[in-house]
Amino acid sequence: MKFIRLLMAAMLAAYSFSWGAAAGETLPDYNTSPIEADRSGMEKNAMQIAADMGLGWNLGNTLEASGGETGWGNPMVTKEFISLVSDSGFNTIRLPVAWDQYADTQTGKIDDAWLDRVTEVVDYAIAEDMYVVINIHWDGGWLENNVTREARDDVAPRQRAYWQQIATHFRDHDERLVFAGANEPNVDNQSQMAVLADYHQIFVDAVRETGGRNAYRTLILQGPRTDIEKTRDLWPGMPEDTVADRMMAEVHFYTPWNFAGMEKDENWGKMFFFWGEDYHYSKMRDRNANWGEEDMVDDLFAMMQHQFTDKGVPVLLGEYGAISRRNLKGEALERHLASRAWYLEYVTRSALEHGLVPVYWDNGHTGNFGFGLFDRNRNEIADEQALEALLRGASQ
C-alpha cells in the first residue's frame, strides 16, 4: 500500500495537479457541521456487507433521468413498487442518481427538495431491510466525460461539494446505505487513471470528514470505464482511508456487447441473438455468439477475484444484463429468450462464485431491446422468465 500511495503521488505530481486546492477556492465548503465518529449501526466491514447483499437490482432511468424523475418515461417511484422488488427476491437496490442538474451552477448547492426526494426512495428500500447503493451517475457527463488533467480543477471542487452535501444529508443512515463515488468514468490510460484516483480520494475524504456514521460507511470506487480488463491493467490501488476494510471496487458487465446490448449490425461486428454453448440456433448460425461465452465470463470474473476479493476488497458488479430482442418471431424468439435466460443465470452464478455482488440493470423498458423485469406502471412482474433465471443463478 505504501508503494501504491507513493506511485500515485508521483503520478499526480508529474501531471502538475494542485491536490485539493481548487475545492476550497471555487466552491463553498459544505462540511459545515462535522460530528464525532459514530460506530453504532456500522459494525460490518465491506466484506461482511458484500456477503449480505445477495442479488441486486438497479432502479435505472429514473432518479438519474434528465429533466426529472419521469423524464425518461418511467413513473414516480412508490413504496409499493420497492416492496415488489424486495418481494421478488432482491436484497440490494442500486439507485443511480443525478445531482448536478439539481444544483446551483455557481455555488454547487444541491436543491433540498431533491435531497429529500432521494431520501424518500432510499427509505422505501431500507424499510424492506434492503441494502441501498446511491451514486453520482452519468448526470450530464460532468464527471464521467472529464477525467482529464485539463478538466480536473473544474470537476474536483464539484465532486467534493456534492459529496459533502450528500454525506451530511444521509449521515444518520446505518450500514445498509452505501455510497458509490461515480458511475462509468471514461478512462483509457494511466494519465486519466491518475485523475480518477484523485476524484476517488476526494470522494472518500469528503464523506469521512462529515463524521458520524459516515466515518465507518462502506464506500465504492469505480474502475476505469467500469471495464474489467481496463481495471486489471490500470487500477493503481484503493484510496487512502481513515478506517480499514470499508471499501469496495465496482465494475460492470455487458459482454459480449453483440448479445447484451447491440441493437444494429456495425462494420466491426454483427448482433448475436443466441448465447451459450447449448443455445446456438442452427437456422440462424450467423447470429450465434462466436466469442464472450461461458469461459470468458469465468475468466473475467476470476480477474476481479484475484485482484480484489482474494485480497479482502469485495467487488460490486454494479450493472449487468442483456436486452430482450422481442422483434424476433416464432422459434427464433423462443430460442433467443431461452438463451437470454441462460446468460442471466450463468453470469449471476459466476459472479457470486467469484466473490462479486451481482446487481442487474433494469431500465424500466419491457418492450423490444428492453432490460425491464417489472411493469412499473402496473406494479407487477413483466418478465417472469428473466427474473426466474436471475433467482436460479443466485440460489447457490
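Residues numbered from 1 in each chain as written. Predicted model: local features only at pLDDT ≥ 70, side-chain atom pairs only at ≥ 80, totals over all residues. Heavy atoms only, no water.

(A) Examining a negative patch on the surface more closely. Taken together, Glu277, Asp278, Asp295 and Asp299 make up a surface patch of like negative charges. Relative to the helices and strands, Glu277 resides in the loop between α9 (257-260) and α10 (294-307). (Patch = residues over 30% accessible without salt bridge, like charges linked within 9 Å, V, L, I, M, F, W, Y side chains within 5 Å. Areas by Shrake-Rupley, 256 points an atom, 1.4 Å probe, with all protein chains shown as cover. Salt bridge = Lys/Arg side-chain N within 4 Å of Asp/Glu carboxyl O. Lys, Arg positive; Asp, Glu negative; His and termini not counted. Charge placed at Lys NZ, Arg CZ, Asp CG, Glu CD. Helix = DSSP H or I, 4+ residues; strand = E, 2+ residues; numbered from the N terminus.)

(B) Looking closely at the environment of Arg158. Take Arg158: it is sitting in helix α6 (residues 152-169). Beyond its immediate chain neighbours, meaning those up to four positions away, Arg158 contacts Leu27, Asp100, Asp104, Thr105, Gly108 and Trp142. Within polar-contact distance, the side chain of Arg158 engages the backbone oxygen of Thr105 at 3.1 Å. Side-chain polar atoms of Arg158 contact the side chain of Tyr162, separated by 2.8 Å. (Contact = heavy atoms within 4.5 Å. Polar contact = N/O pair within 3.5 Å; in protein donor to acceptor, adjacent residues only side chain to side chain.)

(C) Seen up close, the confidence of the model for the protein chain. The pLDDT averaged across the protein chain works out to 94; a share of 93% of its residues lies at or above 70. Every residue in residues 1-25 is under pLDDT 50, and counting partners more than four places away or in other chains gives 33 contacts. (pLDDT = per-residue confidence, 0-100.)

(D) Focus on the pattern of salt bridges. Scanning all chains against the criterion turns up 25 salt bridges. Arg349 is paired through a salt bridge with Glu345; the nearest N and O atoms lie 2.7 Å apart. A residue pair is termed a helical-turn pair when its members lie 3 or 4 positions apart in one helix, as Arg349 and Glu345 do in helix α11 (residues 330-353) at four residues. Residues joined in a network through salt bridges with shared partners are Glu69, Arg117 and Glu120.

(E) Main features of the packing of aromatic side chains. This structure, assessed with the given rule, holds 20 aromatic pairs. Their ring planes at 55° and their centres at 5.4 Å tell us that Phe259 and Tyr343 sit as a pair that is tilted. Residue Phe259 is located in helix α9, and its partner Tyr343 is located in helix α11; the two are separated by 84 residues in the primary sequence. In this structure, Phe259 and Tyr343 share a single accessibility class: buried. Joined through ring pairs, the aromatic side chains of Phe259, Trp275, Tyr279, Trp342, Tyr343 and Tyr346 make up one cluster. Cation over ring: Arg217 sits above Phe179, and NZ or CZ is 5.0 Å from the ring centre. (Phe/Tyr/Trp six-rings, centres within 6.5 Å; stacked < 30°, edge-to-face > 60°. Buried < 20%, exposed > 50% of the residue type's maximum accessible area, 1.4 Å probe, protein only. Lys NZ or Arg CZ within 6 Å of the ring centre and 35° of its normal.)

(F) Region of interest: the nonpolar core. Residues Trp57, Phe90, Leu95, Trp99, Phe179 and Phe253 are the most contacted members of the largest nonpolar core, which totals 99 residues. In this structure Trp57 touches Phe81, Val85, Phe90, Thr92, Ile93, Arg94, Val359, Tyr360, Asp362, Leu373, Phe374 and Arg376, once residues within four positions along its chain are discounted. Among the nonpolar cores identified, the runner-up in size contains 13 residues, and Val133, Val178, Ala180 and Ile220 belong to it. (Core = buried A, V, L, I, M, F, W, Y, C linked by side-chain atoms within 4.5 Å.)

(G) Quick look at the sheet that holds strand β2 (residues 56-58). Around the barrel, which closes on itself, the eight strands sit in the order β2-β3-β4-β5-β7-β8-β9-β10 with parallel pairing between neighbours. Sheet twist, expressed as the mean angle between neighbouring strand axes with direction ignored, is 30°. Examined bridge by bridge, strand β3 (residues 92-95) and strand β4 (residues 131-135) share four bridges and lie parallel to one another. Of the residues in β4, the one forming a bridge with Arg94 is Val133. The strands touched by helix α5 (residues 112-127) within the sheet are β3, β4 and β5 (177-180), with β4 carrying the most contacts at an inclination of about 160°. (Pairing = 2+ DSSP bridges. Axes fitted to C-alpha atoms, helices over the stretch in contact; angles between N-to-C directions.)

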